[in-house]
Amino acid sequence: MTVLEVFRLMAVEYSSVDDDTVQQWAELTAPLVSRKQFGKLYEQGVALLTAHRMKVAGVSGGQTGQVEESGGLQMSIADTLRVSSYSEGSTSISFSNAVSTGSADSELTLTEYGVQFMKLRSMVIIPIRCSGEVR
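Worth saying up front: this structure is predicted, and the values here are computed from it rather than measured.

What counts, and at which threshold
- Residues numbered from 1 in each chain as written.
- Predicted model: local features only at pLDDT ≥ 70, side-chain atom pairs only at ≥ 80, totals over all residues.
- Heavy atoms only, no water.
- Helix = DSSP H or I, 4+ residues; strand = E, 2+ residues; numbered from the N terminus.
- Expected span 1.5 Å × (residues − 1).
- Buried < 20%, exposed > 50% of the residue type's maximum accessible area, 1.4 Å probe, protein only.
- Arc of directions from axis to C-beta.
- Contact = heavy atoms within 4.5 Å.
- Salt bridge = Lys/Arg side-chain N within 4 Å of Asp/Glu carboxyl O.
- Polar contact = N/O pair within 3.5 Å; in protein donor to acceptor, adjacent residues only side chain to side chain.
- Phe/Tyr/Trp six-rings, centres within 6.5 Å; stacked < 30°, edge-to-face > 60°.

Details of helix α6 (residues 112-124)
Move 1: If you check α6, its first and last C-alpha atoms are 19 Å apart, about what 13 residues at 1.5 Å a residue would give, namely 18 Å.
Move 2: The complete set of buried residues in α6 reads Y113, G114, F117, M118 and L120. Down the axis of α6, the buried set is contained in an arc of 165 degrees. They therefore lie on one face. Opposite the packed face of α6, turned more than 90 degrees from it, sit the exposed residues K119, S122 and M123.
Move 3: On the buried face of α6, the contacting elements are α1 (3-10), α3 (35-38) and α4 (42-57).

Describing unusual backbone geometry
Move 1: Here S90, not a glycine, exhibits a phi torsion of approximately 65 degrees, which is positive.
Move 2: Tracing the backbone shows S90 in the loop between β3 (83-87) and β4 (92-95).
Move 3: Judged by its relative accessible area of 79%, S90 is exposed.

Side note on the pattern of salt bridges
Move 1: Throughout the structure, instances matching the rule amount to four salt bridges.
Move 2: Between E43 and R35 there is a salt bridge, and its shortest N-O distance comes to 3.9 Å.
Move 3: Looking at R35, the relative accessible area reads 52%, which means it is exposed.

Details of α1
Move 1: Those residues of α1 that fall on the buried side of the exposure criterion are V3, L4, V6 and F7. Considered in projection along α1, the buried side chains sweep an arc of 160 degrees and stay on one side of the axis.
Move 2: Buried residues along α1 sit in contact with α2 (19-29) and α4.

A few points about the side chain of T111
Move 1: Locating T111 in the fold gives a position in the loop between β4 and α6.
Move 2: At 2.6 Å, the side chain of T111 and the side chain of H52 are in polar contact.

Examining the packing of aromatic side chains
Move 1: Enumeration according to the criterion identifies two aromatic pairs in this entry.
Move 2: Seen in terms of ring centroids, F7 and Y14 are 5.9 Å apart; in terms of plane orientation they differ by 35 degrees. Their pairing is tilted.
Move 3: On the basis of relative accessibility, which here comes to 1%, the residue F7 falls in the buried class.
Move 4: Note on Y14: relative accessible area 0%, which makes it buried.
Move 5: Both rings, one in F38 and one in F117, keep their centres 5.7 Å apart while their planes meet at 15 degrees; by these two values the pair is stacked. One end of the pair, F38, is in helix α3; the other, F117, is in helix α6, with 79 residues separating them in the sequence. Judged on exposure class, the residue F38 and its partner F117 are both buried.

So, in C-alpha cells, the structure goes:
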C-alpha cells in the first residue's frame, strides 16, 4: 500500500481533503521517518505522522474538525488542543503545558495519531540505554 492509501484508511476524518493536499503533507513528513528503521511499517509511520501534523496544524477534514460553542463561535480542534480547562462565568481558561515539558515526544501526545505513531515507532526502534556500568 502507498502512504496515501494507508492515510485514507487510518485518517477517515480527512476524507474531504483532496489527495494533492495529503500528498504534499506526506512529502513534508516523509524525511522525518526512517525507511530503513521502519521497514515494512514505513508507509504506516509516514501516514500516522502526516495525520498528526495535519491535526496539530488545524487542517480541517470537514465537520469532524469543527467544534461549535454555544455562542456560535467556531474553532478548529487544533485551536483547543492545548486548553486544559475552560470556565464561562468570570472567564477562566487554563492551558496545558505538555509541549513545554522538554520531552521530545510531548507534541506527539496531543493527538491520537501521534500516540499511535509513538507505539509503532517503539516496535521498530529500540532506544539505547546506558546504566553507567563498566564491564
